[in-house]
Structures are given as structure tokens and as C-alpha cells.
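# Structural overview
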Amino acid sequence: MMLKRTALNIVIDPDAPIPIYMQIIIQIKGLIASKVLAPGDKLPSVRKLSRQLGVNPNTVARAYQELEREGIIRTTRGIGAFVGKPTLKISAQQRSELMNRILDYLFTEAYYLQYSKEELYSMFMQRLERWNPDKSF
């Protein structure tokens, strides 16, 4: 397994069950939530990040498009991609559907990792207790 790492400390695992573009999205969101990236910070260009990660530029472009659709980043043609100001650009229904998809993925993985309901609940509650939305994880 060969993991690729970037200056932003984005790590891609080609063997992971999560598509590469989603790995990029998850990690950029994590960098913003943990205050490593702040509103106005410039992200690497699609070409630069794709070279650093060793992935197709279309993969990075797809991640950036999704992040922009969610209002997490803003892109200006010819200038670049920047972290946006926190706003919620999705409806309550979309928000609920997204969280349910994430939970479905969690439950599927927990099943294959043979976690019991009790173990999963305990792990979730421990993480929730440590979670601080102002500092993230």
C-alpha cells in the first residue's frame, strides 16, 4: 500500500474503500474544521494537487467542484480555489440525506469490521465527548 502525502498533509490511500475524490473532500473539510485552513486560504491548483497526489486531475477537479457546490470553497477561474466563509448552502433535507449516507457508510464498515452495536455506540459516545466543534478533533 503506497500512501501519497502533500504539503497540506492530505494522504491518499488507493486501496481504501472510499473513492479518491471523497478522500480529498473529507481531508480538506477536516483541515478547515481543525483550523489548519482558514477562510481566504488558497488551495493548491488542481494540477499541482493532482501531481502531488499522483492522481488524475479530473479526480481533484471533482473534489473541488463538490466542495464548491457545498459552499466550502470558492473558485475563481484563472486565480484559484480558496476556503470560503462558513455558510450552509444546502437544504435541511439535503443536510439530513448527507448525514444519513455517512451513517450508512459507518454502519456498513462497522459490520465488516465486526463491531457490535454496543462497541460502536461506546466508541461513538467517547468520540462525541472529546469533540469540540471549535477545535474539531
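Residue positions within a chain follow its written sequence, with the count starting from 1. Only residues with pLDDT of at least 70 get local features here, since the model is predicted, and only at 80 or more are side-chain atom pairs given and counted; chain-wide, interface and lining totals rely on the full set of residues. Computation of side-chain values covers all heavy atoms of the structure but excludes hydrogens and water.

### Points about the packing of helix α1 (residues 20–33) against helix α3 (residues 57–69)
Only the stretch in contact is used when fitting a helix axis, every axis being a line fitted to C-alpha atoms; angles between N-to-C directions are given from 0 to 180 degrees. Secondary structure elements follow DSSP: runs of H or I of four or more residues count as helices, runs of E of two or more count as strands, with numbering from the N terminus. Contact pair α1 / α3: the axes reach a minimum separation of 8 Å and the direction vectors enclose 50°. When the axis of α1 is compared with that of α3, the two are oblique. Crossing of α1 against α3: the hand is right-handed. Contacts from Ile20, Tyr21, Ile24, Ile25, Ile28 and Lys29 in α1 reach Thr59, Val60, Arg62, Ala63, Tyr64, Glu66 and Leu67 in α3. For the contact of α1 with α3, a count of residues per class yields nine nonpolar, one polar and three charged. Convention used here: angles under 35 degrees read as roughly parallel, angles over 145 as roughly antiparallel, angles from 65 to 115 as roughly perpendicular, and any remaining angle as oblique. By convention, the crossing between two helices is left-handed when the near helix turns anticlockwise from the far helix through less than a right angle, and right-handed when the turn is clockwise. Whether two residues are in contact is decided by their heavy atoms, any of which lying within 4.5 Å being enough. Here the nonpolar group is Ala, Val, Leu, Ile, Met, Phe, Trp, Tyr, Cys and Pro; Asp, Glu, Lys and Arg are the charged ones; every other residue, Gly included, is treated as polar.

### Re the pairing of strand β5 (residues 80–83)
The side chains of a regular strand alternate between the sheet's two faces. Relative accessibility under 20% of the residue-type maximum defines a buried residue, over 50% an exposed one, and the middle range a partly exposed one, all with a 1.4 Å probe and only protein chains included. Side chains of β5 alternate between two faces, with Gly80 and Phe82 and Ala81 and Val83 buried alike. The sheet contact formed by strand β3 (residues 42–43) and β5 spans two bridges and is antiparallel. When the sheet's bridge partners are listed, Lys42 is paired in β5 with Phe82. We call two strands paired when DSSP finds no fewer than two bridges between them. Of the strand pairs in this sheet, strand β4 (residues 73–76) and β5 are connected by four bridges, and their pairing is antiparallel. When the bridges of β5 are listed, Ile73 appears paired with Val83. Connecting β4 to the antiparallel partner β5 that follows it, the hairpin turn spans three residues, and Gly78 within it adopts a positive phi of roughly 85°.

### Re α3
The span expected for a helix works out to 1.5 Å for each residue beyond the first. Over its 13 residues, α3 runs 18 Å from end to end, which matches the ideal 18 Å to within 8%, given 1.5 Å per residue. Residues Val60, Ala63, Tyr64 and Leu67 constitute the buried set of α3. The buried side chains of α3 occupy one side of the element, clustering within an arc of 95° when seen end-on. The outward face of α3, more than 90 degrees from its buried face, is lined by the exposed residues Asn58 and Gln65. Elements that come into contact with the buried residues of α3 comprise α1, β3, α2 (46–53), β4 and β5. Identification of polar contacts relies on pairs of N or O atoms within 3.5 Å, with a donor-acceptor requirement for protein atoms, meaning one able to donate a hydrogen and the other able to accept it, and with residues adjacent in sequence counted only if both atoms are side-chain atoms. N-capping of α3 is provided by Asn56, with a side-chain oxygen placed 2.7 Å from the backbone N of Asn58. Phi turns positive, to about 80°, at Gly71, one or two residues after α3. The directions considered for the arc are those from the helix axis to the C-beta atoms.

### Things to note about the confidence of the model for the protein
With 90% of its residues at a pLDDT of 70 or more, the protein shows a mean pLDDT of 87. When mean pLDDT is taken per element in the protein, β3 scores highest with 96 and strand β1 (residues 4–5) scores lowest with 48. As a per-residue quantity, pLDDT reports the predictor's confidence and falls between 0 and 100.

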